[in-house]
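Coordinates in review
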Amino acid sequence: MMSSLYLDSKKKKNKTSARQTAIPNRAKKSNATEYYNFATMELNDDLVVEIISYLPLKLAVQCKVLSKNFNTRISDLKFSQIWFPHQKISSTLFVYHSYGPNRVHKISINPPFPTTHSEMFLLPDHSSVLASCRGLLLLVFLKFRNFCVFNPITGAHQLISYPKPIHEFMKFRGIGLAVDYPTSDQYKLVIVGKLAEQQGYKFYVFSSERSGLWHEVRFRVNFINLAQCTKPVYVNDSLHWLRSDGSVLAFNTKREEAIILDLPAFFSHHAPIYGKLYPGFDTWLGMAQGLLTLVCKFRKSTVIAAYDYVTSNWRVSHTLDNFMGIPVWIDSKHVLFLEGSYTKQHRYLYVYDSENNGYKLADILNQNYIINNDMCSFQPTLASVQTTRLDTLSDEHLPVITATLDELRQFITIDNQ
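First, a word on what this report is: a plain description of the structure on this page. Predicted model only: the values in this text are computed from it and were never measured.

In this section: the overall build of the protein chain. In terms of helices and strands, the protein chain carries six helices and 25 strands. A total of 417 residues make up the protein chain; the buried ones form 47% of that total. Of all intrachain contacts in the protein chain linking residues separated by at least 6 positions in sequence, the fraction that spans at least 24 positions is 51%. A total of about 22400 Å² of accessible surface is found on the protein chain, and carbon and sulfur atoms cover 53% of it.

And the structure:
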């Protein structure tokens, strides 16, 4: 009797235990099914693209490998227009023509200061960086007789043959790159030449819209040489070159028309340092706060003026106490001044603080960083580049250029977005 009751009790326990163990198993199976359904659920592509647009640029580019669809979506100009407003991008200053045109230094400006430095990059002989505009670099490979438009972030590049006649290229003193990103994915390469008998200027224009062809635009006006040691500034759809008399040559890349911006009226109110103006040595052109900006050093003060395209006049924005520094960089955010001799162990980099109307120490540079005012700024973007093949380049030369661009890309993108 006792054994019978024991067996009945044991059977009931086993059944209860079986039921209890079955419940967690069913729960595990249900959770696994739900997890599988979630993992295989098709996400909304627009939502994923929106999320990617908040990533740093290098990570956003890496998301191209997710699928062909995402590769297309991220490469599209519409993604650039979504991504761009979400980013707080630091500027990077490239210093070159240090002991030769093929040596490139990089100084990253990451407010708040101080700055950070990186190693020097050595381009092949007879090669240099000519210009930078909205995330694209313009290089020249003199040995292979071509230019190169290059995006260091995406690696895309286009090789462009010199305009003809080739012998005139060596006379050109003005060359600029105009990029419309993020409005469009088009860009233009513009070279300034001189009309015969100094009757004006001629512009050789290469457009990414015209299947790799150069065309010429003429502008008859009183010819004056372009200032040395200055680079063109792209603002208001125009490339601007400082002339040796202090006026500015402006070429509108949309209408392909040129004008001369007159001398600022304030020139006559100040005494030049050397008795007369020497643009490129005491007058510099750049862009600040989205405006064409002129920085002029006189005997007693430094004047910063912006050009107003509505009134066609220069407007003085700041008059500063003078000091020994020279402006080495003018971009959309900062005007940087460098103080100190090349013979000194250290040189001091200052930024103009508009709120306090004074100079703020940005960094102390080692003498190894040879800085001059022949430099350009770079900000990483997804600006598109044409990838057409250059027929005039031999197969043996192409690997040299490709390897150079790959090394330059690594140099630029390390410790950067």
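There is more to say, and it comes next.
Enumeration over the complete set of coordinates arrives at five salt bridges. A salt bridge links Glu257 to Arg255; the shortest N-O distance between them is 3.3 Å. On the basis of relative accessible area, Glu257 is assigned to the partly exposed category, the value being 44%. It is possible to trace a salt-bridge network through shared partners that takes in Asp180, Asp237 and Lys254.

What follows is about the packing of aromatic side chains. Applying the stated criterion across every chain, the model contains 13 aromatic pairs. When the centroid spacing of 5.2 Å and the interplanar angle of 55° are considered together, the rings of Phe147 and Tyr162 count as tilted. Of this pair, Phe147 sits in strand S7 (residues 146-150) while Tyr162 sits in the loop between strand S8 (157-161) and strand S9 (174-179); the two residues are 15 residues apart in sequence, bridging distant segments of the chain. The class of Phe147 is buried, set by a relative accessible area of 0%. For the ring pair Phe203 and Trp241, a centre distance of 6.4 Å and an interplane angle of 40° mean the geometry is tilted. Taken together, the positions of Phe203 in strand S11 (residues 200-207) and Trp241 in strand S14 (residues 238-242) put the pair 38 residues apart, joining distant regions of the chain. A single burial state applies to Phe203 and to Trp241, both of which are buried. Among the aromatic residues, those joined into a cluster by ring pairs are Phe147, Tyr162, Phe206 and Trp214.

For the rest of this paragraph, the subject is unusual backbone geometry. Omega for the peptide link from Tyr181 to Pro182 comes to 0°, which places this bond in the cis form. Here Pro182 lies in the loop between S9 and strand S10 (187-194). Positive phi values are uncommon outside glycine, yet Arg145 reaches one of about 60°. Exposure remark for Arg145: the relative accessible area of 48% places this residue in the partly exposed category.

In this section: the pairing of S7. With respect to burial, S7 is a largely interior element, five of its five residues being buried. Residues Asn146, Cys148 and Phe150 of S7 are buried on one face, and the alternating residues Phe147 and Val149, pointing to the opposite face, are buried as well. Examined bridge by bridge, strand S6 (residues 136-141) and S7 share five bridges and lie antiparallel to one another. Directly across from Leu139, in S7, lies its bridge partner Cys148. Sheet analysis places S7 next to S8, joined by five bridges and oriented antiparallel. Across the sheet, Phe150 pairs through a bridge with His157, a residue of S8. Count of turn residues in the S7/S8 antiparallel hairpin: six residues, of which Gly155 carries a positive phi of about 85°.

Taken together, the buried positions of helix H2 (residues 45-52) are occupied by Val48, Val49 and Ile52. Along the axis of H2, the buried positions cluster into a sector of 100°, meaning they face one direction only. Exposed and facing more than 90 degrees away from the buried side of H2 are Asp46, Leu47 and Ile51.

Rules behind the numbers
- Residues numbered from 1 in each chain as written.
- Predicted model: local features only at pLDDT ≥ 70, side-chain atom pairs only at ≥ 80, totals over all residues.
- Heavy atoms only, no water.
- Helix = DSSP H or I, 4+ residues; strand = E, 2+ residues; numbered from the N terminus.
- Buried < 20%, exposed > 50% of the residue type's maximum accessible area, 1.4 Å probe, protein only.
- Contact = heavy atoms within 4.5 Å.
- Areas by Shrake-Rupley, 256 points an atom, 1.4 Å probe, with all protein chains shown as cover.
- Salt bridge = Lys/Arg side-chain N within 4 Å of Asp/Glu carboxyl O.
- Phe/Tyr/Trp six-rings, centres within 6.5 Å; stacked < 30°, edge-to-face > 60°.
- Pairing = 2+ DSSP bridges.
- Arc of directions from axis to C-beta.

Honestly, that's just the spatial picture; any functional story needs more than this.
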